Amino acid sequence: MVKEKILVIGASGQIGVELTLALRKIYGEANVLASDLREQNDLLRGTGPYVSMDVMNKEMLHVQVIRQGITQIYHLAAILSATGEKNPHLAWNLNMQGLLNVLDIAREEKLHKIYWPSSIAVFGPTSPKKNCPQQTIIEPTTVYGISKYAGEFWCNYFHQRFGVDVRSIRYPGLISYKSAPGGGTTDYAIEIFHEAMQEKKYECFLHQDTFLPMMYMPDAIRATIELMEAPEEKISIRTSYNVSSMSFSPGEISKEIKKYIPDFTITYKPDYRQAIADSWPQSIDDSVARKDWGWKEEYDLAGMTKDMLSNLK
Ligand SMILES: NC(=O)c1ccc[n+]([C@@H]2O[C@H](COP(=O)([O-])OP(=O)(O)OC[C@H]3O[C@@H](n4cnc5c(N)ncnc54)[C@H](O)[C@@H]3O)[C@@H](O)[C@H]2O)c1
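Residues numbered from 1 in each chain as written. Predicted model: local features only at pLDDT ≥ 70, side-chain atom pairs only at ≥ 80, totals over all residues. Heavy atoms only, no water.

(A) Fine view of the pattern of salt bridges. Evaluation of the coordinates by the stated rule reveals 15 salt bridges. Notably, a salt bridge pairs Glu226 with Arg222, separated by 3.0 Å at the nearest N-O pair. Residue Glu226 and its partner Arg222 are both found in helix H7 (residues 217–229); the two are separated by four residues, about one turn of the helix. Since its relative accessible area comes to 29%, Glu226 is described here as partly exposed. Among the ionic pairs, Arg238 bridges to Glu232, the shortest N-O distance being 4.0 Å. A residue is classified by how much of its surface remains accessible, and Arg238, at 6% relative accessible area, is buried. Look at Glu232 and you get partly exposed, because its relative accessible area is 43%. Connected through shared salt-bridge partners, Asp165, Arg167, Glu232 and Arg238 make up one network. (Salt bridge = Lys/Arg side-chain N within 4 Å of Asp/Glu carboxyl O. Helix = DSSP H or I, 4+ residues; strand = E, 2+ residues; numbered from the N terminus. Buried < 20%, exposed > 50% of the residue type's maximum accessible area, 1.4 Å probe, protein only.)

In structure tokens, the structure reads:
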């Protein structure tokens with residue numbers, strides 16, 4: 001068996017922490033190098049090697065890849081939807097140039113595999129709202145969505161033209177309790193749990209009936225690893241796979257939380273993030289991922305709420 005040495009870029013982020021820990025379990029602590037611009041997340045300390053690195057510094061990235069004998073990269077560093085709208089140029093620069101640096105090095109050094117996440121933010125107001133298909137009208141209106149859609153085509157290009165084995169998932173909003181969210185429009189679905197536990201009330205920045213596609217982090221980590229471990233011939237999508245597990249609104253999640261915290265109350269004060277949410281689909285058709293590499297979710301809203309609350313206790 002080929003020995004893999006994995007580099008995770010953006011390892012201190014919401015997904016990076018949990019993905020790094022999961023990869024270390026599979027490939028061995030020493031074989032998963034965590035890296036980030038910011039300090040190492042506390043949950044990663046003592047679990048394996050860490051290097052401080054800026055993905056925009058291509059030379060430094062290249063040196064690390066050669067020096068450490070890296071064979072795979074999981075590239076997670078990005079500016080997310082809500083933060084991106086505050087600084088569109090910064091979001092475009094990091095989201096595009098970071099990816100191009102990784103893809104160029106993957107090609108030059110003949111890396112075995114690359115993982116790069118896209119998002120349901122690629123879809124725009126003209127995409128179907130319900131069960132949005134894998135291939136459909138895609139006209140994103142946020143800089144984040146534009147950068148993710150362009151990124152998908154760069155991945156496809158590097159695969160077609162240079163044979164780089166790059167794989168991708170369009171994550172929905174991800175809900176987790178271990179590491180904090182990074183400035184996305186679906187962050188309310190994490191904040192609501194913390195506020196419900198601590199304050200028994202929450203003011204939501206989206207309307208009561210704003211339905212969005214969501215996923216619990218354990219499912220997202222498993223989807224990522226299953227996609228990366230699938231045989232190459234099973235991968236028919238080289239832009240990015242639709243993957244889905246649940247769709248709910250702030251009203252619905254607050255009802256679910258009330259089952260455990262009966263005196264919890266929610267109020268609604270939509271801000272600029274409402275327009276972002278309104279531009280996205282409410283639910284996603286992921287039949288291609290199910291057919292190609294056997295994707296199936298484990299958590300629904302009820303299962304996720306129960307698990308979140310018991311872990312936050
Ligand atoms: N969390 C979600 O709900 C969600 C949904 C869809 C897609 N995604 C995508 O998944 C990926 C990871 O998201 P996340 O939620 O973990 O984000 P996050 O903001 O929590 O983490 C991103 C990490 O990247 C690091 N970073 C930023 N600039 C960097 C640079 N120049 N060099 C190196 N590291 C840098 C940050 O310090 C941070 O730790 C992103 O590509 C994001 O677009 C996330």
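Don't stop here, the text continues.
(B) The environment of Tyr188, seen in detail. Of note, Tyr188 is situated in helix H6 (residues 188–198). By relative accessible area, which is 0% here, Tyr188 ends up buried. Distance in space between the C-alpha atoms of Tyr188 and Gly69 is 40 Å, their sequence separation being 119 residues. When near neighbours in sequence (up to four residues on either side) are disregarded, Tyr188 contacts Tyr202, Cys204, Phe205, Leu206, Met214, Phe248, Ser249, Pro250 and Ile253. (Contact = heavy atoms within 4.5 Å.)

(C) Here's a closer look at the site of the ligand. Surveying the vicinity of the ligand reveals 26 residues, the closest of which are Gln14, Ile15, Asp36, Asp54 and Tyr144. The separation between an oxygen atom of the ligand and a polar side-chain atom of Asp36 is 2.6 Å. Within the backbone of Leu37, an N or O atom sits 3.4 Å from a nitrogen atom of the ligand. About the coverage of the ligand: the protein hides 92% of its 830 Å² of free accessible area. Counting only elements with at least two residues in the shell around the ligand, the list comes to helix H1 (14–27), strand E6 (118–119), helix H5 (143–162) and strand E9 (173–175). A breakdown of the residues in the shell around the ligand according to their chemical character gives 14 nonpolar, eight polar and four charged. (Near = heavy atom within 4 Å. Polar contact = N/O pair within 3.5 Å; in protein donor to acceptor, adjacent residues only side chain to side chain. Areas by Shrake-Rupley, 256 points an atom, 1.4 Å probe, with all protein chains shown as cover. Nonpolar A, V, L, I, M, F, W, Y, C, P; charged D, E, K, R; others polar.)

(D) Expanded view of the packing of H6 against helix H8 (residues 250–258). Running from N to C, H6 and H8 point in directions that differ by 30°, and their axes come no closer than 11 Å. Classified by the angle their axes make, H6 and H8 are roughly parallel. When you trace H6 past H8, the crossing you get is right-handed. Contacts between H6 and H8 involve Tyr188, Ala189, Ile192, Phe193 and Ala196 from the first element and Pro250, Ile253, Ser254 and Ile257 from the second. (Axes fitted to C-alpha atoms, helices over the stretch in contact; angles between N-to-C directions. Parallel < 35°, antiparallel > 145°, perpendicular 65-115°, else oblique. Left-handed = near helix turned anticlockwise from the far one by under 90°.)

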